[in-house]
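Here is how the chains run, residue by residue.
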Amino acid sequence: TQSTRPQRLLSAVQKNATRGDPRSVVKAIDHFCRHKEWAMNVGDEKGCILDSVVTEVNPHTVLELGTYCGYSTVRIASLLPPHAKLITLEFNPDYAAVARQVIAWAGLEEKVQLVEGASSDWIPKLKEQFGIQTFDLVFLDHWKDRYLPDTKLIEEFGLLRKGSVLLADNVICPGTPDYLEYVRSSPQYKSQYFKSHLEYTKVEDGLEKSVFLG
Ligand SMILES: O=C(NCc1cccc(CNc2ccc3[nH]ncc3c2)c1)c1cc(-c2ccc(F)cc2)cc(O)c1O
Ligand SMILES: [Mg+2]
């Protein structure tokens, strides 16, 4: 049977990256996506912005919505302090299977809990299931029409504290207009747009960073 693009991306990691070296895993994926096959990773340009926000927040608890092949999972987890935890939700089992192996190749299994299922099912259960109080950082990169409803769920289930940071990918392309409107107009958030480009292209895209004011 034919391989899938995530499987070919994984093969490129296993062929070109060094086990236990997250930066080489990131480099191998970016090379594959730039020179072989485009894939919807946050990518190297927006990835640098992601890195700077993670470093600034220095989070002990991170929630990622949308794992895909684990590219941003590896970028984030490689910057976390010891004992910090990253929970990443992935709905698509084929993506999850590849992501587990990419995360393992990077040697980051200890820091990452990959949960298979839908955000709307899992957000209400995260506290009891994983002993989480609140998240210091939430990275939104799943279905774009779920950013707003899931942000409201995250608020409703008390998963944010004063100073928690939401970082959203693709706010221009494919775009998340209702989410942008919400975080930019709500008195409960201080929002900031980081202009960039759609991964591996010249098309405009960007990340929106929104600090929860409580
Ligand atoms: O759509 C996107 N990504 C989300 C996505 C997409 C498909 C499947 C899943 C399945 N994973 C999933 C679903 C629901 C979930 N609930 N909780 C977890 C969870 C996980 C997720 C996307 C698209 C483009 C893009 C494409 C084409 C183009 F021309 C320009 C731009 C660029 C991106 O950077 C993108 O991030
Ligand atoms: Mg994205």
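Please read all numbers here as calculations on a predicted model, not as lab measurements. Chains are numbered independently. Their residues run from 1 in the order of the written sequence. In the order they appear in the text, chains get letters beginning with A and ligands get numbers beginning with 1. The predicted nature of this model means local features are confined to residues of pLDDT at least 70 and side-chain atom pairs, given and counted, to a pLDDT of 80 or more, with totals for whole chains, interfaces and linings taken over all residues. The side-chain numbers reported here are obtained from all heavy atoms of the structure, hydrogens and water having been left aside.

**Q** Can you explain the packing of aromatic side chains? Please cite residues and give values.
**A** The aromatic pairing rule takes the rings of Phe, Tyr and Trp, using the six-membered ring of Trp, and pairs them if the centres are within 6.5 Å, calling planes under 30 degrees apart stacked, those over 60 edge-to-face and the rest tilted. Within the structure shown, the criterion is met by 6 aromatic pairs. Among the aromatic residues, those joined into a ring-pair cluster are Tyr182, Tyr189 and Phe212. Placement of a positive charge over a ring is assigned whenever Lys NZ or Arg CZ falls within 6 Å of the ring centre and within 35 degrees of the normal to the ring plane. Over the aromatic face of Trp122 sits the side chain of Lys125, whose NZ or CZ is 4.4 Å from the ring centroid.

**Q** Describe in detail the sheet that holds strand β4 (residues 137–140), supporting the description with residues and values.
**A** We call two strands paired when DSSP finds no fewer than two bridges between them. Note on conventions: DSSP H or I runs of at least 4 residues are helices, E runs of at least 2 residues are strands, and numbering of each starts at the N terminus. Pairing is mixed across the open sheet formed by 7 strands, whose spatial order is β3-β2-β1-β4-β5-β7-β6. Here the strands that pair on one side only, and so sit at the sheet edges, are β3 (112–116) and β6 (189–197). Averaged over neighbouring strand pairs, the angle between their axes works out to 15 degrees when direction is ignored. Two residues qualify as a contact provided that any one of their heavy atoms is within 4.5 Å of a heavy atom in the partner residue. Lines are fitted to the C-alpha atoms to define the axes, a helix being fitted only along its stretch in contact, and any angle between axes, read from their N-to-C directions, falls within 0 to 180 degrees. Each of β2 (85–90) and β3 touches helix α5 (residues 93–105); the most contacted strand, β3, lies at about 170 degrees to it.

**Q** Mind laying out the site of ligand 1, listing which residues take part and the relevant values?
**A** The near set for a molecule or strand comprises every residue that places at least one heavy atom within 4 Å of it. Inspection of the region around ligand 1 gives 18 residues, with Glu90, Asp141, Lys144, Asn170 and Glu199 positioned closest. Between N or O atoms, a polar contact is any pair within 3.5 Å; within protein, one atom must be a potential hydrogen donor and the other a potential acceptor, and residues adjacent in sequence are included only when both atoms are from side chains. Between an oxygen atom of ligand 1 and a side-chain N or O atom of Glu199, the distance comes to 2.5 Å. Per-residue accessibility takes into account occlusion by the displayed protein chains alone, with areas from the Shrake-Rupley method and a 1.4 Å probe. Look at ligand 1: alone it shows 720 Å² of surface, and the protein chains cover 78% of it. Contributing elements (two or more residues each) for the shell around ligand 1: β2 and α9 (171–175).

**Q** I'd like to hear about the packing of helix α1 (residues 5–16) against α5, residue by residue, with values.
**A** At their nearest, the axes of α1 and α5 sit 10 Å apart, and the two run at 10 degrees to each other. By the angle between their directions, the pair α1 and α5 is classed as roughly parallel. Residues Pro6, Gln7, Leu9, Leu10, Val13 and Gln14 of α1 form the contact with α5, whose own contacting residues are Tyr95, Val98, Gln101, Val102 and Trp105. By residue class, the composition of the contact of α1 with α5 is 8 nonpolar, 3 polar and no charged. Each angle receives one of four descriptions, namely roughly parallel if under 35 degrees, roughly antiparallel if over 145, roughly perpendicular if within 65 to 115, and oblique otherwise. Amino acids are sorted into nonpolar (Ala, Val, Leu, Ile, Met, Phe, Trp, Tyr, Cys and Pro), charged (Asp, Glu, Lys and Arg) and polar (every other residue, Gly among them).

**Q** Give me the lowdown on the coordination of the magnesium ion (ligand 2), citing residues and values where you can.
**A** Taken together, Asp141 (OD), Asp169 (OD) and Asn170 (OD1) make up the protein donors of the magnesium ion (ligand 2), found 2.0 to 2.2 Å from the metal. Here a donor is an N, O or S atom found within 2.8 Å of the metal, or within 3.2 Å if the metal is Na, K or Ca; sites may look incomplete because water is not among the atoms. Mapped onto the sequence, the donors of the magnesium ion (ligand 2) take the spacing D-x27-D-N. For Asp169, a relative accessible area of 0% corresponds to the buried category. Per-residue accessibility, obtained with a 1.4 Å probe over protein chains only, is compared with the maximum for each type, and a residue is labelled buried under 20%, exposed over 50%, and partly exposed between these values.

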